Amino acid sequence: MALDDLLEQNRKWAAERVAADPEYFTRHVGGQDPRLLWIGCSDSRVPAEHILNCGPGELFIHRNVANVVAYNDVNIATVIQYSVEKLLVDDIVVCGHYGCGGVAAACADVGLDGYIGDWLMITSWAKTWVDERLKKEGKTLPHAEYLREVVEENVRLQVKHVSHLTMVRKSWEKRQGLPRIHGWVYDISTGLIKQVMEVIDGRPQGEP
Ligand code: CO
């Protein structure tokens, strides 16, 4: 079988974990109490647990193309509702990344067909905001730098989308401003995360 090597790696990984910490797996059997909800891009270069050096039980995760929070997406709405109402997470992170293919596609002149094109219409709003800002400032940016701006703006936009959800607003009332919402951007060339926005006590904080 073509994936035999991965199954072998899995057995080796599990054995190593148990050798180092006999309760590594068993301590999570009774349930989960993750520290945060991570909304990230599906990109294979942005593995949430690796980046934050976390293990099982620490992160509740949703990933999709270009880390989009869409109101008509039952999938992400269910993940957020479960996080906010059942897991009672204190923090929600929306993490984009430089070099995001989804953002680049949303910025390309050629429209994409099918589901991808429809999905990225949401991210194209970030492009519109950046275009308007640059026009107002009379600035043009090299393309790579421009795409980085849109990646950051896309994160701000999706943080706003999370903060507009009724279930999140209800939680702020019930739980004294929790969850906090954080907009992060991961740099695939350095492994480091930049904070671009926060919503604390239900209020946007801007640049940290
Ligand atoms: Co991406």
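Residues numbered from 1 in each chain as written. Predicted model: local features only at pLDDT ≥ 70, side-chain atom pairs only at ≥ 80, totals over all residues. Heavy atoms only, no water.

1. Things to note about helix α5 (residues 114-137)
This is how the line gets drawn: Going along the chain from the N terminus, every DSSP run of H or I of four or more residues is numbered as a helix, and every run of E of two or more is numbered as a strand. Expected helix span is taken as 1.5 Å per residue step, with the number of steps being one fewer than the number of residues. Working definition for bend: take the seven residues up to and ending at a residue and the seven starting at it, fit an axis to each, and measure the angle between the axes. Exposure categories follow from relative accessible area, calculated using a 1.4 Å probe and restricted to protein chains: below 20% of the type maximum is buried, above 50% is exposed, and the middle band is partly exposed. In what follows, a contact means two residues having at least one pair of non-hydrogen atoms within 4.5 Å.
Look at α5: 35 Å from first C-alpha to last across 24 residues, which is about the 34 Å you get at 1.5 Å a residue. Along its length, α5 reaches its greatest deviation from straightness, about 45 degrees, at isoleucine 122. Looking only at α5, the buried set comprises Gly117, Leu120, Ile122, Thr123, Ser124, Ala126, Val130 and Leu134. Tucked inside the fold, the buried residues of α5 contact α4 (101-107) and α6 (143-164). Count one or two residues on from α5 and you reach glycine 138, which has phi positive near 65 degrees.

2. Points about the side chain of aspartate 91
Put simply, the rule is: Under the rule applied, a polar contact is a pair of N or O atoms within 3.5 Å (in protein, one hydrogen donor and one hydrogen acceptor; residues adjacent in sequence only if both atoms are side-chain atoms).
Mapping aspartate 91 onto the fold places it in strand β3 (residues 91-97). Within the structure, the side chain of aspartate 91 is placed 2.5 Å from the side chain of histidine 182, a separation counted as a polar contact. With sequence-adjacent residues up to four places away left out, aspartate 91 is seen in contact with Arg35, Leu36, Leu37, Pro179, Arg180 and His182.

3. Some details on the coordination of the cobalt ion
Just so we agree on the cut-off: In this analysis a donor is any N, O or S atom within 2.8 Å of a metal ion (3.2 Å for sodium, potassium and calcium), and since water is not included, sites may seem incomplete.
Surrounding the cobalt ion are the protein donor atoms Cys41 (SG), His97 (NE2) and Cys100 (SG), which sit 2.1 to 2.3 Å from the metal. As a motif over one chain, the donors of the cobalt ion read C-x55-H-x2-C.

4. Looking at the packing of α5 against α6
What counts here: Lines are fitted to the C-alpha atoms to define the axes, a helix being fitted only along its stretch in contact, and any angle between axes, read from their N-to-C directions, falls within 0 to 180 degrees. Should an angle fall under 35 degrees it is called roughly parallel, over 145 degrees roughly antiparallel, and 65 to 115 degrees roughly perpendicular, with every other angle called oblique. Each helix crossing is assigned a hand: it is left-handed if the near helix lies turned anticlockwise from the far helix by less than a right angle, otherwise right-handed if that turn is clockwise. Classes in brief: Ala, Val, Leu, Ile, Met, Phe, Trp, Tyr, Cys and Pro nonpolar; Asp, Glu, Lys and Arg charged; the others, Gly included, polar.
The geometry of α5 relative to α6 is characterised by a closest axis approach of 8 Å and an angle of 120 degrees between their N-to-C directions. In terms of orientation, α5 lies oblique with respect to α6. Where α5 crosses over α6, the two elements pack in a sense that is right-handed. Packed against α5, whose contacting residues are Ile122, Thr123, Trp125, Ala126, Lys127, Trp129, Val130, Asp131, Arg133 and Leu134, the element α6 presents Tyr146, Glu149, Val150, Glu153, Asn154, Arg156, Leu157, Gln158 and His161 at the interface. Each residue belonging to the contact of α5 with α6 can be placed in one class, and the counts come to nine nonpolar, four polar and six charged.

5. What about the domain arrangement of the protein?
To keep things clear, this is the line we draw: The domain limits used here are those given by an automatic or database domain assignment.
The domain architecture assigned to the protein consists of domain 1 (1-31) and domain 2 (33-205). Look at where the C-alpha atoms of domain 1 and domain 2 centre, and you get two points 30 Å apart.

6. Considering the nonpolar core
Threshold: We define the nonpolar core as a collection of buried residues of types Ala, Val, Leu, Ile, Met, Phe, Trp, Tyr and Cys that are connected through side-chain atoms lying within 4.5 Å of one another.
Counting residues in each nonpolar core, the largest one holds 43 residues, and the members touching the most others are Leu37, Ile39, Ile80, Ile92, Val162, Val168 and Ile181. Broken down by element, the residue count for this core peaks at eight residues, all from α6. Not counting residues within four places of it along the chain, the set of residues in contact with valine 168 comprises Ile80, Val84, Val162, Ser163 and Ile181. The next biggest cluster of nonpolar side chains, apart from the first, holds 11 residues, and it includes Leu36, Ile51, Cys54 and Val93.

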